[in-house]
Amino acid sequence: MRVRLIAVLAVLTLVAMACSNASDTKKSGSTSTTGGGASSSTVDQPGVTKDTIRVGGVASKTNLLNGPYASSFDGVNAYFDMVNSQGGIYGRKLQLVSERDDQMGQNQQQVEALLAQDNVFAVAPIATILAFSGAKPLVDQNVPAFGWNINDEWTGAKNLFGSNAGALCNGCVSTTLPFLAKRLGKKKIGVLAYNVSNSAQCADGVKKSFDAYPTATVGFLSKSLSFGVTDFSVEVGKMKDAGVDFVTTCMDTTATLNLAKEMRKQGMKATQYLPNGYDAGLISANKDFFQGDYVGLQFAPFQSQPPPPGLVQFNKWMDKKGYTKNETAMHGWISAAQLYTGLKLAGPQFTRQKVIDALNKLTDYTADGLISPRNWTKEHNITHDQACTAWLKVENGKFVPVFAVPNKPFVCLPDQPKTLPAKATNV
Amino acid sequence: MSLLEARDVTKRFSGITALDDVSLTVEDGEAVGLIGPNGAGKTTFFNCLLGLLKPEAGEVLFDGKDITRYPVYRRARLGFARTFQRIELFTGMTVRDHLLVAERARLGTGRFWKDVLNLSKPTVDENERTDRTLTLLGLEDVAESPVEALSLGRARLVEVGRALMTEPKLLLLDEPSSGLDAHETESLAETLRAVQAERGTAVLLVEHDVEFVRSFSTRLSVLDFGHLIAAGPTADVLADDAVRRAYLGERV
Amino acid sequence: MQELIRYVILGIPVGCVFALVAVSLVLTYKTSGVFNLAFGAQAFLAAAVYYDVHVRHGWPIIPAFVFVVFVISPLLGFVLDRGVFRYLRGVSPIAKLVSALGLAVALPQIIQIWLGPGQAFGITGIWWDDNALYRFFGDYTLDGRQMAILVSTVVAVLALVALFRWTAIGLQMRAVVESPRLTELAGVNADRSSSAAWMLSSAMAGLAGVLLAPFSASLNVGDFTTLLVSAIAAAAFARLTNIPMALLGGILLGIAQQLLAGYLPPASLIAKDLKPSMPFVVLFLLLLFWPGLRNRREVTDPLSGADPPPPSLASASRSAMLTRSTHIFGVVFVAFMVYVILFRADAFWLSLLTGTLVYSVIFLSITVITGMGGQISLCQVTFAAIGGFTTAQLATAVGLNVLVGMLAGAVLAAAVGALLAIPVLRLAGIYLSLATLAFALMFENVLVPVGWIGGGIKRVNVPRPIIGPFDLSNNKSFFVFCLIVLVLVSMLVIFVRRGTTGHYLDALRGSETAAQSIGINPAKAKIVAFALSAGIAGLGGGLLSMKNGIANPDDFRFELGFVFVVVVVSTAARTVEGAINAGAAFTILPVILSDWLGVSSTWAFILFGLGAIQYARHPEGTLEAGKRQSLAFFQRQYDRLAARRARSAPDQSGDGQSPSPSQPLAVKS
């Protein structure tokens, strides 16, 4: 139903645009074939010289929330170091020539700069806190681009490869939280969100998910919190009265921390799902408050035992440079890995188009076990084969993998099944 | 019917009565003085006449029309004009622009759409009228200068000119001699007399310089502690004992 | 009833947070006449230093607290007073507000660079145990952080009230705001008491910073800014002057928030829209209806008339010859630039410079409202948003021609501007600016999240128009289109400034009383200015969404409204070239800094902020001041040249020399 509605809206939009306005053509820009120069092989592509393949990225280095988005560059650099130490690819070194700062939402301009000024073959990493407006020039010029797909603009474009499973679907029905509630035996869910669009929509998604898979009922839902709010006394009071035993938020870490403190104050015993909580610094600084809470990841956690081969490499090459190993660095690493895979599959006569096409034929790409198998024939859409999560529980200020079996860190369920299956599969 | 008639104007500021039943009239073409010691309520009364303050009781009539509740700018359009004790000019504007803007404000001829189409340049007619006023006040040589460059005496003349461009029936002068030396005061008085003679404008003069008032006004009212203590022909009032005690006595 | 009591009691600790900020705002306003929008930045600095010494360097709580609140913060206050605000005594509160805005933009960036990347976790407060719980009436629990705020707020309020009531320095600080010169005549050292005032208010901001920091999971300036704008309502409740009232106002605000949280159904639409925007709605209503704020004229120094008036525009003080030569140079330069951009620049520079044109259009709206109207509006970005979203929705959802959509957006923005102006114009000075801020925040909180306005999470696409044979999806054509729009809007602004409306506004800014005394209706003139300015901003917003291809709420965040004002006043608020320079600076400077000089592009904001701090000294803009100097230089050279020529031709008389306008003319006798 939802898909059909979106399709109808999209068609209407297209019709509307066709009527009176220039359609969003792919032909603009066009001047990006200046670079390259004469190369020994016959590759004539922007950003490809006879000894290097130039890559550039954009991340919210400076941002209001002070998140370590710049770490994504470290991940890419570490991966390129690994590739280059083995002689590079097709006689060329991979080089991250440009690390641009999107300065809170300026990423369209920065992407334009990457394409026109920095002479890059591909774009990696991308990690933007606000809207990924840079998607537009990337799509217009059909540049392979890799990054952390936490914004809506990643959806649908064949040349954008996100490191999270599939396209982001904020507000879609998902099996993830109903599964967790079921595994933990939780019965009443509390949902808290900001009044801004994506947060509120995320809360609606949680509600819809529990409506579709009634492993528990939503006992309290608020979408009326504002940024900077630090007091949850009324909300917690109401959740306590409603008998809520599991709380999920669509908010930042300041909110989850203050919420945890308020729950302790009012003696409310409930488990939190921490949406942005995979941050060792945050957890160890506040271990009393996040004790027993859960985090879900779409890549193999640093705590995986035994570590998958990709994680071993990640640790080795990150440590070599003394980079901080965190979530964003991992997304950078995975982005670089996808680019490298695409190049390898495209063959020595690679072009941007060949890289994109080659990746889009993959059906079970795992980045050496770092992610659950990706089916890129489908992942650009908002529905895919299955939804996989690696689960962690906070114990004494540390993350401990749960529900995993050795060498299979992910818990997978079919994506949007009619009913929640009795058993999940480990991958 | 008087040109201006203030009837029993009373104004209080948080319990203090600044004006108590003050009445005053100005006839067409007449020059009336208003004097009083500091704090007597002259400025308060002036502001009540102009609409900058709303009196608690009493009314102000202009040409027989009750204007007590009119905002300042509407009174101006009826034919009120004033000068300020502390010079209030429009910084950054030339002398000519001061006169031009006053002319337009009076007639209300400014139109936004004319601005947009760049049709707001001064017309021949407007230029003629501003030239006439510049000549009358002897300001031709500084017409294109910004007002910041003027001396205090000439700045006051610009104020007078700006007031005259609104073709007022009544000109209210608030301590025009303040800040001027004796020489400047004399030349200002001369100019004002010339203006009055040429245009027949009625003048209400608030002053502390008794000589200025004596030489300029035919009738005089005296305020003391918010009360009107005397009114009548200038010479009689200045001879009055109460006035000498309250006001002139101070100066001896 | 029991529930009601419960929410009221729960509101008190929340209210104390607001109260702490509101009391600081009132304190600063009372002792320095500055409405301190930089409060958040000052508090952030204190929190950052506290984090550095306490967490990074492991100082115990008490030395760290004393160091931050009694050493670093007063030192900052002292530096700000000596470096900036001392020169602002006696200037209008608007000029002071702009300086504070400049500081609010620059300071956090400087701190961020000092703090370095990475998150500042684990700040513990000054209470011996942040997480100790204290029970009251059996049912209500406060933790250490809240206890610290509660106690500090009460102590601070009592101390401040005592200071102002019973000590000489307290009285002097107030007197200095009212009239520094009169106070000096009375034998008070105004410099000393102004320094004391700034040190005191900065210490208060420092206290707030240290007390509030433990509430954030990781330190960031955003939390402080949000809190600041929420607490303004409490300060307005106190009429910016009464400290106990600010405490009361803060607590009432906290209680109101808890009542809304308690009684509105939490998932409902009204709760979603109303609750987060409540402080701004309250602020807006207070500004309009709270007695004592209506029609309030700010304190002006009766002796301030002794100050020299602001200089006239540089262009007014040059000869016709020089004017002509600069115009010719300007035309040649622009033509050359357009040629280079269209035929030599790469796609990035083309897009960047198109951005320059678009932002120049938006900034021209500030030329109108600030340069001509003399008002500081903090919601120009909101008008741009109205234009942008209208363009997008009309083009995409309704299917209108996008050009029609853009014009409709401009008209709608102008209408909203006029409607906003009607109630707001009864306010003067900073109250008007605060009302525009409240409006911007209400718009962002209530309307932007609405799907058919801001588009929800899906940004609305905006197509480019086709005009005759020109398809503007070609970026070069679009550049030319933007250039034409900019030229048209510039001409509009120049014509209006030269015309009657411009003269009326000049007159009103020069002296509102005198302007009324010649029959100018101030409300009407200002409504026209507001509407024109909003319309231009709306047009610019439409253009921006067309350029980006989407109407992106991120391009219209309310903080950008601060930045816009700061950028424009730091270049030149009164001229069209000023707006264009500001557009260029806003778009190009960050690129020059990051791509050419290799430093963080945030330095651009620091430079803009520092430029705006100069506003009071150079109300015509820092660039304009530089231009005046260089023009004066050229004029001197030109005069010297002319004089030499005159000397070589001795038969000509030298009486053509007009007196230099900067010299007072001799009194004509």
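Residues numbered from 1 in each chain as written. Chains lettered and ligands numbered in written order. Predicted model: local features only at pLDDT ≥ 70, side-chain atom pairs only at ≥ 80, totals over all residues.

A few words now on the overall build of chain C. Check the secondary structure of chain C and you find 25 helices and six strands. Principal axes of the C-alpha set define a box for chain C whose edges measure 95 × 70 × 55 Å. Put simply, chain C has 669 residues, and 59% of those count as buried. Within chain C, residue pairs in contact and separated by at least 24 positions form 79% of the contacts whose partners lie at least 6 positions apart. (Helix = DSSP H or I, 4+ residues; strand = E, 2+ residues; numbered from the N terminus. Buried ≥ 20, exposed ≤ 12 C-beta atoms within 10 Å, placed from the backbone. Contact = placed C-beta atoms within 7 Å.)

Residues and elements named next belong to chain C. Split by domain assignment, chain C resolves into domain 1 (2-116 + 136-262), domain 2 (264-297 + 358-556) and domain 3 (560-635). Distance between the C-alpha centres of domain 2 and domain 3: 22 Å. For the side of domain 2 that touches domain 3, the elements supplying multiple residues, two or more each, are helix 13 (347-372), helix 14 (380-398) and helix 18 (475-498). The greatest single-element share of the side of domain 2 that touches domain 3, amounting to nine residues, is contributed by helix 13. A per-class count over the side of domain 2 that touches domain 3 returns 13 nonpolar, seven polar and no charged. (Domains from an automatic or database assignment. Nonpolar A, V, L, I, M, F, W, Y, C, P; charged D, E, K, R; others polar.)

What follows covers the interface of chain B and chain C. The interface is formed by 43 residues belonging to chain B together with 35 residues belonging to chain C. Elements with a minimum of two residues in the side of chain B that touches chain C: helix 2 (72-78), strand 6 (80-82), helix 3 (95-107), helix 4 (112-116), helix 6 (152-165) and helix 7 (182-199) of chain B. Broken down by element, the side of chain B that touches chain C gets its largest block of residues, six residues, from helix 3 of chain B. Considering only residue class, the side of chain B that touches chain C consists of 19 nonpolar, eleven polar and 13 charged.

Moving on, we get to the environment of Asp174 of chain B. Residues and elements named next belong to chain B. Among the structural elements, Asp174 can be located in strand 7 (residues 170-174). For Asp174, a count of 22 C-beta atoms within 10 Å translates into the label buried. With 132 residues separating them along the chain, Asp174 and Lys42 place their C-alpha atoms 9.1 Å apart. Dropping the residues within four chain positions of it, Asp174 is found in contact with Phe46, Arg82, Thr83, Phe84, Gln85 and Val206.

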